[in-house]
Amino acid sequence: MNDGPSRIGVVGCGLMGAGIAEICARAGLDVLVAVSGPSSVDRARRRVADSLSRLADKGKIDREEADAAARRIRITSALEDFADREFVFESVTENETTKAEVFTALDGVLRDSDAILATNTSSLPIVRLAKATRRPERVIGTHFFNPVPVLPLVEVTASLLTSEETLHTTEALLTGPLGKQVIRSRDRAGFIVNALLVPYLLSAVRMVESGHATAEEIDTGMTLGCAHPIGPLRLIDLIGVDTLTQVASGLYEEYRDPVYSVPPLLARMADGGLLGRKSGQGFYAYPS
Ligand SMILES: NC(=O)c1ccc[n+]([C@@H]2O[C@H](COP(=O)([O-])OP(=O)(O)OC[C@H]3O[C@@H](n4cnc5c(N)ncnc54)[C@H](O)[C@@H]3O)[C@@H](O)[C@H]2O)c1
């Protein structure tokens, strides 16, 4: 019997937070999700319920399992409700101030001084979020991949202040009940995967921007010519233009290497709300 944490908190119910809540609930864990305000509660509830129901419709899980998982997820807009949580995944917008505020608030709310705070950040130093709390040894990076229920990898990042016990408990939760595969990364912006992936995605945007090739041509080239399951522009639409812009800015701040600088086209798309799938329009159109 698993004796790791069973009362899980997830802060943020966007693309990633909803996926993390879903896999935790399907693993039989008790899940409480925090959203940014009362007006987001219903949307979050629908989001997780619809995703589970789609899995049942496709026959990937049976209907009872989907219903049982949905019942294990509660949604709140009050972080104070997290007092009894043993392990919290933070997955709010990729913004250091927002995340640090969440960490400080959680640190004040969690009753169990051993409770672990894990961030899904793609680019921010874990140690800086750790320093926003009075339990830096209990703060760790757990970087999931999108879509969370489908992709098996999680990059786990201990900061210079993370304890061995936190690392062990976190990896046991991820590889045990959550069924993920982990790789360990140093506390460097972009960890392993994004440090490699982001320059590639930005290069594809630069090719579109300079008129070198169209989004369709580039995506066809990389899927049919290199056997990538998805082309770079479609992948940006899936990740979110806003998220990629924030992540690339974080990488640029860390390394000051032009390969991470945000192309003007991407920045203007983020400014204009052309965010990809989540807004219905990015490099491609997604009619609802
Ligand atoms: N999109 C990806 O492919 C991907 C992959 C790996 C990691 N990440 C990381 O996951 C995190 C979330 O990204 P996402 O793609 O889910 O973004 P998203 O924009 O879909 O969701 C972020 C959510 O956080 C909410 N939020 C903001 N402040 C909040 C607060 N104080 N309390 C509760 N909720 C709050 C927003 O309302 C929004 O619903 C980011 O750190 C991102 O870098 C994203």
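Residues numbered from 1 in each chain as written. Predicted model: local features only at pLDDT ≥ 70, side-chain atom pairs only at ≥ 80, totals over all residues. Heavy atoms only, no water.

Description of the packing of helix 7 (residues 193-209) against helix 10 (residues 241-255)
Inference 1: Contact geometry of helix 7 with helix 10 gives a least axis separation of 11 Å together with a crossing angle of 115 degrees. Handedness of the crossing formed by helix 7 with helix 10: left-handed. Each of Asn194, Val198, Leu201 and Leu202 in helix 7 lies in contact with helix 10, whose residues at this interface are Leu244, Val247, Ala248 and Leu251.
Inference 2: Tallied by class, the residues present in the contact of helix 7 with helix 10 amount to 7 nonpolar, 1 polar and no charged. (Axes fitted to C-alpha atoms, helices over the stretch in contact; angles between N-to-C directions. Helix = DSSP H or I, 4+ residues; strand = E, 2+ residues; numbered from the N terminus. Left-handed = near helix turned anticlockwise from the far one by under 90°. Contact = heavy atoms within 4.5 Å. Nonpolar A, V, L, I, M, F, W, Y, C, P; charged D, E, K, R; others polar.)

What about the nonpolar core?
Nonpolar side chains tend toward joint burial in soluble globular proteins.
Inference 1: The biggest cluster of nonpolar side chains holds 38 residues, and the ones touching the most others in it are Phe89 and Phe144.
Inference 2: No other element matches helix 1 (residues 15-26), which puts 7 residues into this core.
Inference 3: If we ignore the near neighbours within four places in the chain, the residues touching Phe89 are Ile8, Gly9, Val10, Val11, Ile20, Cys24, Ala118, Thr142, Phe144, Leu173, Leu174 and Leu178.
Inference 4: The next biggest cluster of nonpolar side chains, apart from the first, holds 24 residues, and it includes Val205, Leu235, Leu266 and Tyr284. (Core = buried A, V, L, I, M, F, W, Y, C linked by side-chain atoms within 4.5 Å. Buried < 20%, exposed > 50% of the residue type's maximum accessible area, 1.4 Å probe, protein only.)

Let's talk about the site of the ligand
Inference 1: Lining the immediate surroundings of the ligand are 24 residues, of which Met16, Glu94, Lys99, Ser122 and Ile239 lie closest.
Inference 2: Measuring from an oxygen atom of the ligand, one finds a side-chain N or O atom of Glu94 at 2.5 Å.
Inference 3: Isolated, the ligand exposes 830 Å² of accessible area, and the fraction of that covered by the protein chains is 82%.
Inference 4: Put simply, the parts of the chain that give the shell around the ligand at least two residues each are helix 1, helix 4 (96-109) and strand 6 (139-144).
Inference 5: Considering each element in turn, the shell around the ligand owes the most residues, 3 residues, to helix 4. (Near = heavy atom within 4 Å. Polar contact = N/O pair within 3.5 Å; in protein donor to acceptor, adjacent residues only side chain to side chain. Areas by Shrake-Rupley, 256 points an atom, 1.4 Å probe, with all protein chains shown as cover.)

Digging into helix 9 (residues 232-239)
Inference 1: What helix 9 keeps buried is the set Pro232, Leu233, Leu235, Ile236 and Asp237.
Inference 2: Residues of helix 9 that are buried make contact with helix 7, helix 8 (215-226), helix 10 and helix 11 (264-271).
Inference 3: Trailing helix 9 by a residue or two, Gly240 shows a phi angle of about 110 degrees, which is positive.

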